[in-house]
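Structural characterization, general
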Amino acid sequence: GIQVEQSPPDLILQEGANSTLRCNFSDSVNNLQWFHQNPWGQLINLFYIPSGTKQNGRLSATTVATERYSLLYISSSQTTDSGVYFCAARGGGNKLTFGTGTQLKVEL
Amino acid sequence: SAVISQKPSRDICQRGTSLTIQCQVDSQVTMMFWYRQQPGQSLTLIATANQGSEATYESGFVIDKFPISRPNLTFSTLTVSNMSPEDSSIYLCSVNNRGSAGYTFGSGTRLTVV
C-alpha cells in the first residue's frame, strides 16, 4: 500500500512565526488531506487537496502530485494552532493511510 | 460534508469487559471506516464496514476482538472485546464524502482500560 511520511516530527514556534510542514507519499493519490488533531483528540479536516493549492485564512496547502509531496503552511502562528498535524493519502482502493504526524507547539 | 455523531466520547473500563462504540451519520453512506489511535501514535485502519456484508479487517485485527455491526446505511458499531490495558486508545469512525470533500471523522472515543 501507499506509504506516507511527514516532517518534521516535532516543531516548537514562537507565536507569530511561520512554518512549513511536509508530507511525502510513495505513489499517485486520489485523495490527500491535512488534518489537525486538537488536545482532546478531535480530528479536524483542514484541506482536501490531491493536487493544486488552497488557502483558508492563515493556512494554505500545496500538493505537487507529479513529485509526490504536499506542504502545509501556517502563517502568524497562534497558541491555538498547537496540536498534531496529520497528512493522509489514498491511492487505489478505499483505504486512507495516515502519516506519522507533526507535533506542533506554539509558545507565547 | 457528512456529519458524524460518535459516542461515548470517553470511557474507563475494567479489563476483561467489552465496550461498544456507536457512530451515526446524517446521510447514507456505502462504507464506514473504523480507526484506532494508540497513545502518541498515528491512526491505523481497523476495518471497513459495508451494509449487508461482513466487515473487511486489516492485517493484525480480527473479528473476534473487534466485531462490527452495520445494520443500515447511516449507522455502525464497533465493539472492543475482552479488553486489556493495551486496548487503551482513541477509536474513530470515518466516512468518505461524495464529491471532493474527502473523509470526515467522528469526534472519537477515548478508551482507558484499567
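Reading the values: the criteria
Residues numbered from 1 in each chain as written. Chains lettered and ligands numbered in written order. Predicted model: local features only at pLDDT ≥ 70, side-chain atom pairs only at ≥ 80, totals over all residues. Heavy atoms only, no water. Helix = DSSP H or I, 4+ residues; strand = E, 2+ residues; numbered from the N terminus. Rg over C-alpha atoms; globule rule 2.2 N^0.38 Å. Buried < 20%, exposed > 50% of the residue type's maximum accessible area, 1.4 Å probe, protein only. Contact = heavy atoms within 4.5 Å. Areas by Shrake-Rupley, 256 points an atom, 1.4 Å probe, with all protein chains shown as cover. Lys, Arg positive; Asp, Glu negative; His and termini not counted. Charge placed at Lys NZ, Arg CZ, Asp CG, Glu CD. Buried area = accessible area lost by both parts, 1.4 Å probe. Salt bridge = Lys/Arg side-chain N within 4 Å of Asp/Glu carboxyl O. Nonpolar A, V, L, I, M, F, W, Y, C, P; charged D, E, K, R; others polar. Pairing = 2+ DSSP bridges. Axes fitted to C-alpha atoms, helices over the stretch in contact; angles between N-to-C directions.

Notes on the overall build of chain B
The number of helices and strands found in chain B is zero helices and 11 strands. For chain B, the N- to C-terminal ordering of α and β elements is β-β-β-β-β-β-β-β-β-β-β. Taking 13 Å as the expected radius of gyration for a compact globule of 114 residues, we find that chain B reaches 13 Å, a close match to that expectation. Across the 114 residues that make up chain B, the buried fraction comes to 48%. Contacts in chain B between residues far apart in sequence, at least 24 positions, make up 53% of those at least 6 positions apart. On chain B, roughly 5,400 Å² of surface is accessible, and the fraction owed to carbon and sulfur atoms is 47%. Put simply, chain B has 8 plus and 7 minus side-chain charges, and the middle of one group is 7 Å from the middle of the other.

A look at the environment of Met83(B)
Position of Met83(B) among the secondary structure elements: in the loop between β8 (75-80) and β9 (89-96). The contacts of Met83(B), once residues within four sequence positions are left out, are Cys13(B), Gln14(B), Arg15(B), Gly16(B), Thr17(B), Ser18(B), Leu19(B), Lys65(B), Leu111(B) and Val113(B).

Considering the interface of chain A and chain B
Each partner contributes to the interface: chain A provides 19 residues, whereas chain B provides 19 residues. Roughly 1,500 Å² is buried in total at the junction of chain A and chain B, and carbon and sulfur atoms are behind 53% of that figure. Taken together, the connections running from chain A to chain B amount to one salt bridge. Measuring nitrogen to oxygen at the nearest pair gives 3.1 Å for the salt bridge that ties Glu58(B) to Lys95(A). Residue assignment for the side of chain A that touches chain B shows that the elements contributing at least two residues are β4 (31-37), β5 (43-48) and β9 (83-90) of chain A. Counted by class, the side of chain A that touches chain B contains eight nonpolar, nine polar and two charged residues.

What to know about the sheet that holds strand β7 (residues 59-64) of chain A
Residue and element names in this part refer to chain A. Strands sit in the order β1-β3-β8-β7-β6 across an open sheet of five strands; the sheet is antiparallel. At either end of the open sheet lies a strand with only one pairing partner, and these are β1 (4-7) and β6 (52-56). The mean inter-strand angle of the sheet, taken between neighbouring strand axes irrespective of direction, is 15 degrees. Two elements, β7 and strand β8 (residues 69-74), share six bridges in a ladder whose sense is antiparallel. Following the sheet pairing, threonine 62 is matched in β8 by leucine 71.

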